[in-house]
Amino acid sequence: MASESKDEAVVVVDFGSQYSRLIARRVRECRVYCEIVPHDAPWERVASLNPRGIILSGGPASVYDVGAPLAPAWVFESRLPVLGICYGLQVLAHQLGGKVVPGSRREYGHTVLHQNATRSPLFADLPSSMTVWMSHGDQVMEMPPGFRSLAHTDNSPIAVMGNDEGILGLQFHPEVVHTPQGKKIIENFLYHICHCRGTWTPSNFVEDSVGRIREQVRDGKVICALSGGVDSAVAAALIHRAVGEQLTCIFVNNGLLRRGEAQEVIDTFERNLKMKLVYVDATERFLTRLGGVVDPEKKRRAIGEEFIRVFEEEAARLGRVDFLAQGTLYPDVIESVSAEGNASAVIKSHHNVGGLPKNMTFSLIEPLRYLFKDEVREVGLALGLPEEMVYRQPFPGPGLAIRIIGEVTRERLEVLRACDWIVMDEIKAANLYRELWQSFAVLTDTRSVGVMGDFRTYGYLVAVRAVTSEDAMTADWARLPYEVLAKISNRIVNEVPQVNRVVYDITSKPPGTIEWE
Ligand code: XMP
């Protein structure tokens, strides 16, 4: 994985914690570029980033276990400031000559942290006591030579330690929202100890990327598949800014989009952004292919294969193509690296709808490869994309097909579109759209009896799903106000004649997934 070179950066050394990416996000939120590297990464890879500091992540191991991952020598030889978090603190204590022991009991949850008399720049502008989030079994019993305790809790006399060379360790997790002042602590480390200035901004990113894309593409031709989602839109807009007419976007309408969506994409890209756009209405092909398909995986496969076929046909019509642009994001990169044996455990295999054409003769351009979703949105705004597009909730590649239980037919698609429209309308009216990761309707294959006026009805059961999430790896069902749920339910039953019952899905992920199929 080639890394980006920035004028200032920090590396997060991953010891297998699910929190590593959260640490990276927090660092980026402080406007400092940051990348996650495995704990056994060679110095050459890290050096190319030109780092100003190192953060050691948490991890599930105990430092005294045989084979426990340790910090590579470059962490200490580089003489850079280091912040160890939880397991990272224990690694520092263990490797620099202190002593780590199993705690008398596991400490998990909120704790009050008290600063000691020696004030550290790590706590600049922070109160002498604050709430922090702990999750550890082991504990530092003896600090290495040259270190002193900077803060304690009732259970941990050494909850924070540091030396004069800018090597610091925290027993708690500053990256989680349960540590309210955690981001300030990270910011203090970056600004007061690593002396970063905060140069990682959307407009700097755009400027940098445009230069890099021009260098890579030269006079080549680029194609980009638009899905209607924010990632491919921002990737296309960025490449368009760099190479203009050399980019052609291909937008395949698979007939599984939401109401009005295809037209919106065409309007945004062709009319407003003046991009070369090939629009293919392949509804007929997709629906024919989906006839009689009920199994969720078969549906996904059918849609993916059909997409590749249509895409390849259209690309072939364009003649010479040198590059294929994709809106791959950093979480996908981290996940695929994990799959190759990085420390972080793989939680889900990710769905890259359509995948890539098999015999690709072009090279990939992935200008968003190092961005998190919220950064992609900021970059989108910096590029002048409309807010409705930038803040659009994620929508799966297989579209409404995986929100229709059972066979996908035209009639069912229309029913679902009508319900989905109402959900969206009411969520937007209640000003909840941006707070929610996703909100949508699912058409089940269950029918139930109801009464409408004096008549018996026997109609579809529709489920409403709304979740909050940071990155879709986990999600919580949204506590929508009853009034909003009531309005959605009333409107669906009144306005969509085929539906006579609405339920709300209160399953979190895990154990549920966000989509039903
Ligand atoms: P699940 O259902 O696995 O979904 O919790 C996690 C996130 O991924 C989206 N999703 C997809 N996105 N192609 C996509 O581009 C797919 O095949 C696909 N399946 C699920 C889903 O909407 C959610 O945001």
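Position numbers for residues start from 1 in each chain and track the written sequence from start to end. Local features in this predicted model are restricted to residues of pLDDT 70 or higher, and side-chain atom pairs are both shown and tallied only at a pLDDT of 80 or more, whereas totals for entire chains, interfaces and linings draw on every residue. Excluded from the side-chain calculation are hydrogens and water; included are all heavy atoms of the structure.

S.K.: Could you give an account of the overall build of the protein chain, with specific residues and numbers?
M.R.: In this description a helix means any DSSP run of H or I spanning at least four residues, a strand means any run of E spanning at least two, and both kinds are numbered starting from the N terminus. The secondary structure content of the protein chain amounts to 15 helices and 18 strands. Just to be clear, the radius of gyration here is over C-alpha atoms, and the globule rule we use is 2.2 Å times residues to the power 0.38. Against the compact-globule benchmark of 24 Å for 517 residues, the protein chain has a radius of gyration of 26 Å, which places it among compact chains. The principal-axis extent of the C-alpha atoms belonging to the protein chain is close to 80 × 65 × 40 Å. Methods summary: accessible areas were calculated by the Shrake-Rupley approach with a probe of 1.4 Å, and residue burial reflects only the protein chains presented. Counting every atom, the protein chain has about 22,400 Å² of accessible surface; 51% of that belongs to carbon and sulfur. Positive charges come from Lys and Arg alone, negative charges from Asp and Glu alone, with His and the N- and C-terminal ends not counted. To locate a charge, take NZ of a lysine, CZ of an arginine, CG of an aspartate or CD of a glutamate. Considering the protein chain, the positive charge centre built from 56 side chains and the negative charge centre built from 65 side chains are found 2 Å apart.

S.K.: Hey, could you go over the packing of aromatic side chains for me, with residue numbers and the actual values?
M.R.: In this scheme Phe, Tyr and Trp rings, the latter by its six-membered ring, pair at centre separations within 6.5 Å, and the angle between planes marks the pair as stacked below 30 degrees, edge-to-face above 60, and tilted otherwise. Summed over the entire model, instances satisfying the criterion amount to ten aromatic pairs. Between Y330 and F372, the ring centres sit 5.5 Å apart and the planes meet at 75°, which makes this aromatic pair edge-to-face. Placement of the pair is Y330 in helix α11 (residues 330–339) and F372 in the loop between β14 (363–365) and α12 (373–382), with a sequence separation of 42 residues. An identical accessibility class is assigned to Y330 and F372; each is buried. Taken together, the ring pairs in this structure connect Y33, W200 and F205 into an aromatic cluster. Both a distance and an angle decide whether a charge sits over a ring: NZ of Lys or CZ of Arg must be within 6 Å of the ring centre and within 35 degrees of the ring normal. Its end group placed over the ring of F372, R25 keeps NZ or CZ at 5.8 Å from the ring centre. Each residue gets one of three labels from its accessible area relative to the maximum for its type: buried under 20%, exposed over 50%, partly exposed in between, using a 1.4 Å probe on protein chains only.

S.K.: Describe the sheet that holds strand β13 (residues 323–325), naming the residues involved and giving the relevant values.
M.R.: Pairing between two strands is assigned when DSSP locates at least 2 bridges connecting them. Reading across from one edge, β12-β11-β10-β13-β14 is the order of the five strands in this open sheet, with parallel pairing throughout. Since the sheet does not close on itself, it has two edges, and those belong to β12 (276–281) and β14, each with one partner. Strand-to-strand, the axes of this sheet are offset by a mean angle of 25°, without reference to chain direction. By the bridge criterion, five bridges tie strand β10 (residues 222–226) to strand β11 (residues 247–253) in an arrangement that is parallel. By the bridge assignment for β11, C224 is matched with C249. We call two residues contacting when some pair of their heavy atoms lies within 4.5 Å. Every angle, taken between N-to-C directions, lies between 0 and 180 degrees, and every axis is a line fitted to C-alpha atoms, over only the stretch in contact when it is a helix. Contacts between helix α6 (residues 202–217) and the sheet are confined to β10, β13 and β14, with β14 contributing the most and set at about 170° to the helix. Strand contacts of helix α10 (residues 296–317): β10, β11, β12 and β13, with the helix running at about 145° to β11, the strand carrying the most contacts.

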